[in-house]
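So the chains spell out like this:
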Amino acid sequence: MPTQTTEPPRGTAAGTAGPAPAARARRAERAKDWARRAPLLPALVFLVIVTQLPFVATVVISFTRWNALAPDNRGFAAFDNYRAVFTDPAMRSSVGTTVLLTVTVVLVSLVLGLGLALLLDRSFRGRGLVRTLLITPFLVVPVASALLWKHALYNASYGLLNGVLTWIWRLFGSDSPPQPDWMTDSPLAAVEVSLIWQWTPFMMLILLAGLQSRAGDAIEAARMDGASAFDVFRYLTLPHLRRYLELAALLGTVYVVQNFDAVFTITSGGLGTANLPYTIYQTFYQAHDYGRASAQGVVVVLCSLVVATFALRTVSSLLREEVTR
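This is a predicted model, so every value here is computed, not measured.

Trainee: Hey, could you run me through the overall build of the chain in this one?
Mentor: If you tally the helices and strands in the chain, you get 15 helices and two strands. Against the globule reference of 20 Å for 325 residues, the chain gives a C-alpha radius of gyration of 30 Å, more extended than a compact globule. Oriented by its inertia axes, the alpha-carbon framework of the chain measures out at about 135 × 80 × 30 Å. For the chain, buried positions account for 33% of its 325 residues. A fraction of 68% describes how many contacts in the chain between residues 6 or more apart in sequence connect residues 24 or more apart. Entry remark: accessible area of the chain is about 20,200 Å², with carbon and sulfur atoms responsible for 67%. Distance between charge centroids for the chain: 10 Å, based on 27 positive and 20 negative side chains.

Written out as structure tokens, the structure reads:
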């Protein structure tokens, strides 16, 4: 009687011996990826809860009609809040103030930071101490920095600036020195000077890092060929620092646009110094219009994201240049 031979099913030892090696390798690779990412999941969940959910709630509220002074008049407002934001004269004025404040602070801080970085790039006795002292203003709490300028420097009665003027005038025998009220006579300049003092060290650090990444052999070759110090700065140092200048300007813009402490502490938003964050504060805490304040916040965040995108591209290009060296 002939014996019947049956073919073993697929996937058995006589067949393909289980899943294909390629499939097993893919599963093992996915398992390794999850093993690497799993410790980061709690931080990711926390980040989403802390940052993204409040922003989503802000976007939802921006489409509602919600004023605490009129609790009965509450409902869906569609794009009314956004139309009010773009047609509000106070909002337009705060946009102009924000642009002027940001451009002035960033440009002046960049110039001063570049000068300080060039000085610190040289070797001299006590350079570490000088560098630490120059970094200190950036480490001061923003509110404390604003209070320092408001009371210790700007105050018309006992401030340092008017004290220096009194001392100088008395040296020349005058008993009637000028005693300007800095915060009243030049309110926006008072805010700008305090922010420049705070942000110049930040610019200096970025530009100093750029200076110390220069190729020393190229500079030595240029000097041996008879190039002056100005020629080295113009044709070698400045082109090398272009990316770092862009990065410092973009990061400074992102932070200065969002500045609230100096405006609130020094001038309380008066005398034409109200910027976008302070205007949002007024709309939310003083006018109690939560819907319009949320719309203002969404607009500011979107504008900041545009600037931040350019900053991230600049950082990526810097990293790519460092990798290719």
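Trainee: For this particular structure, what's the right way to read the packing of helix 9 (residues 187-211) against helix 12 (residues 242-257)?
Mentor: Think of two packed helices as two axes; the pair is described by the angle between the axes and how far apart they sit. Axis separation between helix 9 and helix 12 bottoms out at 9 Å; the angle between their running directions is 155°. Accordingly, the angle class assigned to the pair helix 9 and helix 12 is roughly antiparallel. Note that helix 9 runs across helix 12; the crossing there is right-handed. Residues Trp199, Phe202, Met203, Ile206, Leu207 and Gly210 of helix 9 lie in contact with helix 12, whose contacting residues are Tyr244, Leu245, Leu247, Ala248, Leu251, Gly252, Tyr255 and Val256. Here the contact of helix 9 with helix 12 is composed, by residue class, of twelve nonpolar, two polar and no charged.

Trainee: Where do I start with the side chain of Asn259 in this structure?
Mentor: On the secondary structure map, Asn259 appears in the loop between helix 12 and helix 13 (261-267). For Asn259, a relative accessible area of 9% puts it in the buried group. Only 3.4 Å separates the side chain of Asn259 from the backbone nitrogen of Ala262, close enough to count as a polar contact. Sequence-distant contacts of Asn259, that is, excluding residues within four places in its chain, are made with Leu195, Asn275 and Pro277.

Trainee: Help me understand the environment of Ala23 in this model?
Mentor: Turning to its location among the elements, Ala23 is positioned in helix 1 (residues 21-37). For Ala23, a relative accessible area of 19% translates into the label buried. Along the primary structure Ala23 and Leu107 are separated by 84 residues, whereas in three dimensions their C-alpha atoms are 57 Å apart.

Trainee: Just checking my understanding: could you explain unusual backbone geometry for this structure?
Mentor: Among all residues except glycine, the phi angle is most often negative; among peptide bonds, the trans geometry is most common. You will see that Ala78, though not glycine, has its phi angle at about 55°, which is positive. Mapping Ala78 onto the fold places it in the loop between strand 2 (75-76) and helix 3 (80-87). Given a relative accessible area of 26%, Ala78 falls into the partly exposed group. Located in the positive-phi region is His288, a residue other than glycine, with phi close to 60°. Here His288 shows up in the loop between helix 14 (276-286) and helix 15 (290-324). According to the relative accessible area criterion, His288 is partly exposed, its value standing at 26%.

Trainee: Teacher, can you tell me more about the packing of aromatic side chains here?
Mentor: Given two aromatic rings, their pairing is described by the distance between the two centres and the angle made by the two planes. Applying the stated rule across the entire model yields 20 aromatic pairs. Centre to centre, the rings of Phe63 and Tyr82 are 5.4 Å apart; their planes meet at 45°, and the pair counts as tilted. With Phe63 in the loop between helix 2 (41-62) and strand 1 (64-65) and Tyr82 in helix 3, the pair connects residues that are 19 residues apart, well separated along the chain. With centroids separated by 5.0 Å and ring planes inclined at 65°, the aromatic side chains of Phe284 and Tyr285 adopt a geometry described as edge-to-face. With a relative accessible area of 30%, Phe284 lands in the partly exposed category.

Trainee: It is not clear to me how the side chain of Glu192 should be interpreted in this structure. Could you clarify?
Mentor: If you trace the backbone, Glu192 turns up in helix 9. Setting aside residues up to four positions removed in sequence, Glu192 forms contacts with Leu100, Leu101, Thr104 and Val105.

Trainee: Please clarify how the nonpolar core should be interpreted in this entry.
Mentor: If you look at soluble globular proteins, the nonpolar side chains tend to sit buried side by side. In terms of nonpolar packing, the biggest core is built from 37 residues, with Leu101, Leu110, Val191, Leu195 and Ile266 touching the most fellow members. Looking at this core, the elements that each hand over two or more residues are helix 4 (89-120), helix 6 (142-153), helix 9, helix 12 and helix 13. Sequence-distant contacts of Leu195, that is, excluding residues within four places in its chain, are made with Leu101, Val105, Asn259 and Ala262.

Trainee: Would you explain a nonpolar patch on the surface in this entry?
Mentor: Where nonpolar side chains cluster on the molecular surface, the patch consists of Trp34, Leu41, Leu44, Val45, Phe46, Leu47, Val48, Ile49, Val50 and Leu53 and spans about 960 Å² of accessible area. The element contributing the most residues to the nonpolar patch is helix 2, with nine residues.

Parameters at a glance
Residues numbered from 1 in each chain as written. Predicted model: local features only at pLDDT ≥ 70, side-chain atom pairs only at ≥ 80, totals over all residues. Heavy atoms only, no water. Helix = DSSP H or I, 4+ residues; strand = E, 2+ residues; numbered from the N terminus. Rg over C-alpha atoms; globule rule 2.2 N^0.38 Å. Buried < 20%, exposed > 50% of the residue type's maximum accessible area, 1.4 Å probe, protein only. Contact = heavy atoms within 4.5 Å. Areas by Shrake-Rupley, 256 points an atom, 1.4 Å probe, with all protein chains shown as cover. Lys, Arg positive; Asp, Glu negative; His and termini not counted. Charge placed at Lys NZ, Arg CZ, Asp CG, Glu CD. Axes fitted to C-alpha atoms, helices over the stretch in contact; angles between N-to-C directions. Parallel < 35°, antiparallel > 145°, perpendicular 65-115°, else oblique. Left-handed = near helix turned anticlockwise from the far one by under 90°. Nonpolar A, V, L, I, M, F, W, Y, C, P; charged D, E, K, R; others polar. Polar contact = N/O pair within 3.5 Å; in protein donor to acceptor, adjacent residues only side chain to side chain. Phe/Tyr/Trp six-rings, centres within 6.5 Å; stacked < 30°, edge-to-face > 60°. Core = buried A, V, L, I, M, F, W, Y, C linked by side-chain atoms within 4.5 Å. Patch = residues over 30% accessible without salt bridge, like charges linked within 9 Å, V, L, I, M, F, W, Y side chains within 5 Å. Salt bridge = Lys/Arg side-chain N within 4 Å of Asp/Glu carboxyl O.

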